Amino acid sequence: MAFIQHTKSLLSKTILHNSLRYQHGYVVLLPEIGEEAPDKNPLYSRDGLPKFNQITIENCRAAMAKLTLDFEIAVQEVEATLTESPCEDVFKDIVEPLEKAGNPMETTWGLSKTLYLGNNTLMPTSSYMAIHDRARRARAAKYTSKSIHFAVKNSFSNKKERSVEQLRILEKFILEGKLNGLELEGRKADSFNHDFRKLAEEKKHFKHKSDLSLKQHSQMVRDRGVVRDFPEYLLKATAVDPNNYINGPWRFSILPHLYTPLMEHCPDREIRWLLWKANVSRGSVNNIRELSTSLHTEEIRYLTDSLAKILGYSTYVDMSMETKMAGSKAEVTKVIDLLLARAKPAQDAEIEKLLIFANERGFKTDGLELWDVPYWRRKQRTALYNYDEQKLKDYFPLNTVLTGLFQLCEKLFNIVIKIRTEVTAWHKDVRFYDIFEAHSSAPVAGFYLDPYARSEDKLRVQNSSWMIGMQNKSQVTDSKPLAALIFTFEPPVGDKESHLTFSEVKTLFHKFGHALQHLLTRTYYAEVAGLSNIEWDAVEVSGNMLTQWLFNEKVIQTISCHYGSGDKLPISTFKDLCNAQNHMAGYDLCNELYLSALDLEMYSTKSYWASLVKQLWPQYKTLKYIDKIDAHPCSFTQVFTEDWAAAYYSHFWSRMIAADVYSAFYEVGDNEQQIKDVGKRFRDTFLALGGSQDPSQVFREFRGRDPSHKALLKTLGLKKVVKHES
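Position numbers for residues start from 1 in each chain and track the written sequence from start to end. Residue-level local features of this predicted model are given only where pLDDT is at least 70; pairs of side-chain atoms are given and counted only at 80 or more, and the full residue set underlies all totals for whole chains, interfaces and linings. Side-chain descriptors were evaluated using all non-hydrogen atoms of the structure, hydrogens and water having been removed beforehand.

Caption draft 1: A look at the overall build of the chain. Every helix listed is a DSSP run of H or I at least four residues long, and every strand listed is a run of E at least two residues long, numbered separately from the N terminus. Each helix and strand counted, the chain has 27 helices and nine strands in total. Over its C-alpha atoms the chain spans a radius of gyration of 27 Å, differing by no more than 12% from the 27 Å that the globule rule assigns to 726 residues. Counting only C-alpha atoms, the chain reaches 80 × 60 × 55 Å along its principal axes. Burial here depends on accessible area, computed with a 1.4 Å probe over protein chains only, as a share of the maximum for the residue type. Under 20% is buried, over 50% is exposed, and the range in between is partly exposed. Per-residue burial for the chain yields a buried fraction of 55% across its 726 residues. Of the roughly 33400 Å² that the chain leaves accessible, carbon and sulfur atoms contribute 49%. Side chains of the chain carry 94 positive and 92 negative charges; the gap between the two charge centres is 2 Å. Each radius of gyration is computed over the set of C-alpha atoms, and the globule rule expresses the reference value as 2.2 Å times the number of residues to the power 0.38. All accessible-area figures derive from a Shrake-Rupley calculation using a 1.4 Å probe, and residue coverage is judged against the displayed protein chains alone. For the purpose of charge, His is not counted, nor are the chain termini; Lys and Arg are scored as positive and Asp and Glu as negative. For charged residues, the charge sits on one atom: NZ in Lys, CZ in Arg, CG in Asp, CD in Glu.

Written out as structure tokens, the structure reads:
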């Protein structure tokens, strides 16, 4: 470890010692910094944009090393000041100094993530993860400081002197501190720290085993008849030799980006059964014992429950709801029941019709199994609606879609989006856009767009699309929002420009809606700007809302243009497209509700996971559960190793809120002025307020009432099912 001399007045032996402190398993160490470490932020030019033509891994890591250390020292200086004298103004003494110190670190972190996802050659995974882990530890310093926590908590009593935004910031600091155990002492603090570290270890073991289990199953297929209906991309992805993908052989696996399309296109029922079995038995004690995660599953549940109880909550779900719009398990359960009442009968009818369809086409058994549904579902959707992603692709050239998307947003939110040339980026295909508001001569925000797949330097995983908030808006630091949108769309070939599947069009709209909430925020502090501090179950509302516009006939006309004829998407095709999107919507919604309910039960009860599955499955599922094989909770990584524990329901909740938001536009019909009025209201609430207000209040300000589940049911086409007597 290099010895570091620093001119900051408060850096003393005490502060140097305090830098080596334990916080729930994290050890913050002083990094190595070269002699030529930059003064400020070497990676950004005076116009506020990164110098991508000069950035290397080395200066990126050196910058982050210095900036994280600077931030930790800034936290220590605030702590020292609080020790010397009581806090008089929490924002001038704590919040604003930390925001100024944190801004360079946060923007460099955002830049590093952009490079990692946009050009993995320039920023390899190992280099980025070192930066990510270092930045994450440094950021936590302001939320794991007892002196800061109690100073903020003491100042909260003067509510009348604070704006709504300021109160939200104070609440955020107080809650973060509480959930980090800062209010605990003695044995409780020791137990909390022990369980926190143990939980991190259990999650690590679970993830490691789960990742390994994905690679265990492999089937070699040499029969060309099995792959006769495969789209070209799937043939290439499974071919042992991608250069000879027509003739094979092909290797089938359960890797996430292959499993679903294989189940949809493989006509061999035995192969589908083996794929399904391998996928749902991951982590089971009846599969590969060394990769069993069942004990880790129960240990993670036990430890999260223990942490919650130490902090004073009845269950981990109750603790989780502190940071959710729904507010309580009871509220989520009520909505699940309301949706299930419509979705379950629809699912029953859908499965019945699907079996009839399959029997008419040679399926010889009396009932469908779980491994049959994806294959026959795709065939039924094609037969009913002539749905073919590859044929539809001819109607959606990327540039036309972008033009229509930007025009829609300009109309709805009274903004102007302009491309800016001569901006350096991480690849020649990357474009940069400025966003102007009606009242502004200078741009209020900007974003990079990196549209194309590049096998040599872009990560390829399932759903390879990202929105990175590179820099938050802050009036404290006079910073404008900056974002990057990164996709893996098919690049242009010869004279033919890039075309998108309809699924990719939806992804583009969703990510851009998500980006707008980051880019069009009007808050004062970065702490609550854009997507920061938005409750988990509301963070995807803007993205989901913008996606709803794809089912507006006028919008689809503006984004479609056949590459051969130049024709817009025919109205009949558009109607089929809309119907195809809701094909078996009851089945899909029931599955989402089941996983949400399972997640909530696992984190609020002590029943063994297998017992919970047997209890919940028949309430939500039409097809039978095969208990001796299906151990799907043992590979439910979203709630055991990722950040969705007691929060999986957030996925459908955001869609429900977004559907209700979009219904406000739908209700005014084709009245252009009223559409603009609703757009302005959305701009002034959801897009402007970010995390500075509770999302329930934001919704009320926009809609004038509390949310309803009915709009989601209508969007999905889930009408009451009337059973006819035979």
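Caption draft 2: Examining the environment of A645 more closely. On the secondary structure map, A645 appears in the loop between α23 (637-640) and α24 (650-667). Judged by its relative accessible area of 13%, A645 is buried. Remark: the alpha-carbon pair of A645 and E161, spanning 484 residues in sequence, is separated by 36 Å. Contact partners of A645, with chain neighbours within four places excluded, come to Y316, S320, D599, Y603, Q638 and V639. In what follows, a contact means two residues having at least one pair of non-hydrogen atoms within 4.5 Å.

Caption draft 3: Summary view of the packing of aromatic side chains. Here is the rule: rings of Phe, Tyr and Trp (six-membered ring for Trp) pair when centre to centre is within 6.5 Å. Planes less than 30 degrees apart are stacked, more than 60 are edge-to-face, and the remainder are tilted. Evaluation of the coordinates by the stated rule reveals 43 aromatic pairs. With a centroid separation of 5.9 Å and 65 degrees between ring planes, the pair formed by F363 and W376 is classed as edge-to-face. A residue pair is termed long-range when its members are at least 10 positions apart, and F363 in the loop between α13 (329-360) and α14 (373-385) and W376 in helix α14 qualify at 13 residues. Residues Y649 and W653 carry aromatic rings whose centres are separated by 5.8 Å and whose planes lie at 85 degrees to one another, so their mutual orientation is edge-to-face. Taking the relative accessible area as the measure of exposure, Y649 reaches 1% and is therefore buried. An aromatic cluster is built from F52, W426, F432 and Y448, whose rings are joined through pairwise contacts. A ring has a charge above it when a Lys NZ or an Arg CZ is no more than 6 Å from the ring centre and no more than 35 degrees off the ring normal. Of note, K418 hangs over the ring of F436, and the distance from its end group to the ring centre comes to 5.5 Å. Here K621 stacks its cationic end above the ring of W617, 4.9 Å away from the centre of that ring.

Caption draft 4: Focus on helix α2 (residues 57-84). Here, expected helix span is obtained from the residue count minus one, scaled by 1.5 Å. Here α2 contains 28 residues, and its C-alpha end-to-end distance of 41 Å stays within 8% of the 40 Å for a straight helix at 1.5 Å per residue. α2 sits mainly inside the fold: 20 of its 28 residues count as buried.

Caption draft 5: Quick peek at the pattern of salt bridges. When a carboxyl oxygen of Asp or Glu lies within 4 Å of a side-chain nitrogen of Lys or Arg, that pair is called a salt bridge. If you walk through the whole model with that rule in mind, you get 38 salt bridges. A salt bridge links K329 to E601, with the shortest nitrogen-to-oxygen separation between them at 2.9 Å. Of this pair, K329 sits in helix α13 while E601 sits in helix α21 (residues 585-602); the two residues are 272 residues apart in sequence, bridging distant segments of the chain. On the basis of relative accessible area, K329 is assigned to the partly exposed category, the value being 23%. The partner of R454 in a salt bridge is D450, with the nearest N and O atoms 2.8 Å apart. For R454, a relative accessible area of 5% translates into the label buried.

Caption draft 6: Local environment of the pairing of strand β8 (residues 466-471). Judged by how many residues are buried, β8 sits mostly within the fold: five of six residues are covered. Two strands pair if DSSP finds at least two bridges between them. Note that β8 and strand β9 (residues 482-489) share five bridges and pair antiparallel. Paired with G469 across the bridge in β9 is A483.

Caption draft 7: Spotlight on the nonpolar core. Among the buried residues, those of types Ala, Val, Leu, Ile, Met, Phe, Trp, Tyr and Cys that are joined through side-chain atoms within 4.5 Å form a nonpolar core. In this structure, F252, F396, F447, F509, F512, W549 and W653 are the most contacted members of the largest nonpolar core, which totals 173 residues. Top contributing element to this core by residue count: α13, with twelve residues. In this structure, W653 is in contact with M325, A326, E331, V332, V335 and D537, ignoring residues within four places of it in sequence.

Caption draft 8: Representation of the packing of helix α3 (residues 90-118) against helix α6 (residues 164-179) within the structure. Running from N to C, α3 and α6 cross one another at 75 degrees; their axes reach a closest spacing of 12 Å. By the angle class used here, α3 and α6 are roughly perpendicular. Only Q166, I169, L170 and F173 of α6 make contact with α3, whose side of the interface consists of V90, F91, V95 and L98. Throughout, an axis means a line fitted to C-alpha atoms (over the contacting stretch in the case of helices), and angles, computed between N-to-C directions, take values from 0 to 180 degrees. Here the angle decides the label: under 35 degrees means roughly parallel, over 145 means roughly antiparallel, 65 to 115 means roughly perpendicular, and every other value means oblique.

Caption draft 9: The arrangement of unusual backbone geometry in detail. Omega for the bond connecting G248 with P249 falls within 30 degrees of zero, at 5 degrees, which places this linkage in the cis form. Tracing the backbone shows P249 in the loop between α8 (232-238) and β4 (250-253). One non-glycine residue, N386, lies in the positive phi region at around 50 degrees. Residue N386 is classed as exposed on the basis of its relative accessible area of 58%. Unlike most non-glycine residues, N414 shows phi in positive territory, near 55 degrees. Position of N414 among the secondary structure elements: in the loop between α16 (398-413) and β5 (415-420).

Caption draft 10: Structural view of the side chain of S692. Its location among the elements puts S692 in the loop between α25 (672-689) and α26 (695-703). A distance of 2.6 Å separates the side chain of S692 from the backbone oxygen of L689, its partner in a polar contact. Apart from the residues within four sequence positions on either side, S692 is in contact with V164, E165, R168, T523 and V528. The definition of a polar contact used here is a pair of N or O atoms within 3.5 Å, where within protein one atom must be able to donate a hydrogen and the other to accept one, and adjacent residues in sequence count solely through side-chain atom pairs.

Caption draft 11: Fine view of the pairing of β9. Where burial is concerned, most of β9 is hidden: eight out of the eight residues are buried. The alternating pattern of β9 places L482, A484, I486 and T488 and A483, L485, F487 and F489 on opposite faces, both of which are buried. Bridge count for strand β7 (residues 445-452) against β9 is six bridges, and the pairing is parallel. Each residue of the ladder has a partner; that of F447, found in β9, is A483.

Caption draft 12: Highlighting the sheet that holds β9. A sheet is described by the order of its strands in space; here five strands give the open sequence β5-β6-β7-β9-β8, paired in mixed fashion. Each edge of the sheet is formed by a strand with only one pairing partner; in this case those strands are β5 and β8. Each strand axis lies, on average, 25 degrees off the axis of its neighbour in the sheet, ignoring direction. Where β5 meets strand β6 (residues 431-437), six bridges bridge the pair, whose relative direction is antiparallel. Within β6, the position partnered with K418 by the bridge is D434. Set on the sheet, α3 makes contact with β7, β8 and β9; between it and β8 the angle comes to about 150 degrees.

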